[in-house]
Amino acid sequence: MMIESNKIEFKSKYTDQIIKEIVSFLNADGGKIYIGVNDDGSVCGAQKIDEILRNISDVVTMQIEPSAIEDVKPELEFLEGLPVVVINVKKGILPIYCIKKYGFSSNGCLIRIGSSCRSMSETQINERYKLRFFDDDIIVSSPTNLESLSFFTLKNSYLEVGLRLNDDTFETNLKLINSRGKYNIMAELLSDNNRFSLIFVKFNGLNKASISQRSDYGDKSIIFGYRQLMNRIAAENICLSNTTVRPRIDTYLFDYDSVNEAIVNAIVHNDWSITEPQVSFFRDRIEILSHGGLPHNLSIEEFYRGISKPRNTRLMKIFSDLDIVDHTGHGVPIIIEKYGKEAFEINDKHIIVTIPFNKQVMESINVGANVGQNVDVNINDTERKIIEMLINDPTLTAEKISMKIEKSKRTAERYLKALQEKGIILRTGSDKKGYWKIIK
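All figures in this text were calculated on a predicted structure; none of them were measured in a lab.

Turning next to the sheet that holds strand β4 (residues 72–79). The four strands lie next to each other as β1-β2-β5-β4, forming an open sheet whose pairing is mixed. Strands at the two margins of the open sheet, each flanked by one partner only, are β1 (8–11) and β4. Strand-to-strand twist in this sheet, taken as the mean axis angle between neighbours without regard to direction, amounts to 20°. Examined bridge by bridge, β1 and strand β2 (residues 31–35) share four bridges and lie parallel to one another. When the sheet's bridge partners are listed, Lys11 is paired in β2 with Ile35. Across the sheet, helix α1 (residues 18–26) touches β1, β2, β4 and β5 (82–89), and the angle it forms with β2 is around 165°. Each of β2, β4 and β5 touches helix α2 (residues 49–62); the most contacted strand, β5, lies at about 10° to it.

With that settled, consider the packing of helix α8 (residues 222–236) against helix α9 (residues 256–269). One way to put it is that α8 packs onto α9 with a least axis distance of 11 Å and a crossing angle of 155°. When the axis of α8 is compared with that of α9, the two are roughly antiparallel. When you trace α8 past α9, the crossing you get is right-handed. Of the residues in α9, those in contact with Ile222, Tyr226, Leu229, Met230, Ile233 and Ala234 of α8 are Tyr256, Val259, Asn260, Ile263, Val264 and Ile267. For the contact of α8 with α9, a count of residues per class yields 11 nonpolar, one polar and no charged.

Thresholds applied
Residues numbered from 1 in each chain as written. Predicted model: local features only at pLDDT ≥ 70, side-chain atom pairs only at ≥ 80, totals over all residues. Heavy atoms only, no water. Pairing = 2+ DSSP bridges. Helix = DSSP H or I, 4+ residues; strand = E, 2+ residues; numbered from the N terminus. Axes fitted to C-alpha atoms, helices over the stretch in contact; angles between N-to-C directions. Contact = heavy atoms within 4.5 Å. Parallel < 35°, antiparallel > 145°, perpendicular 65-115°, else oblique. Left-handed = near helix turned anticlockwise from the far one by under 90°. Nonpolar A, V, L, I, M, F, W, Y, C, P; charged D, E, K, R; others polar.

As structure tokens, then:
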């Protein structure tokens, strides 16, 4: 015979007070409510089953805040030959739930302790209510609908910085699984199956009237997409060299470090439940757009000072592990030092960072030309074609490049070596698992 416990509650019949038991289980570890079972565990059977199920549906849909529709599921069972309605309540995915008409008060907020339902104290309510805004990132708590994910790029990226992920524990340790035991959105972002992209759009003029080019750096781990995008940014960064002085003076179209900081910030601060970040390349500037505005409880003044409160804290931690970001909050001050506070447009819906181009470089070189014009003038058409290939896919091997340029593998290797010697590309990682980086 079953007995009441912290996970089991018996009710001989349905009453309006059952909402208290549902909320108390949501705020604890979940449980089951049996309607049609006496307090001593004897089965008496439920009456008016259809009416009970309708009432439960109304309670869950209309009377609990926030919505717990996905967490409360009633079903009909037969115990000892008698009908019993069982309300299956999962542990709530959010920090606190309440009876809507009482709000977040002691009357509205209940929790299961042992076999009883008790009101929360004011301190408990306040602490849990604050956690509504600071609990697991949305990308950690929200599930992806992909059942099977692989993490080759993620594992290899950790190896490149001297760290090895344990196959048995890394998914849990890196928070790639939500409280339901399902892969979350962050897991998809970091997986080789990722369907999100980092969007690069090149416009012909000063506005969005005419698109010249669009590239979506995705379909693989967001780490891979980030590398692809930064390769593209590096290739677009035209250099004007003054060789009449020693040492020579190189003036670039834009400050690469500032753009890199803005793009990393856009990734780790973006609200991925809205859409992906976007990098727009105009004739006179770059705009980096992220969605969601400032994270909760971060003022604009704190933002400008470099106080770091990332929206996606777990993703920031992984980027920090991989030396993509150092988590010191210096990114915004770097941009302000170079371009001023006017580089930022901030509202509740988005943040746009605008990086203006160097006017001297703009006047000297046609910014609207094709990708790769910033690299050394001593490159031939095949080398330029290889650079464009590596921008779009930094993992290309000499063998794959040879097939694309329709030449032998040995010839492709010679081209790659020549580009390395000219300081245009750099190999990171092993021959099989590494990638190419455009450095000039």
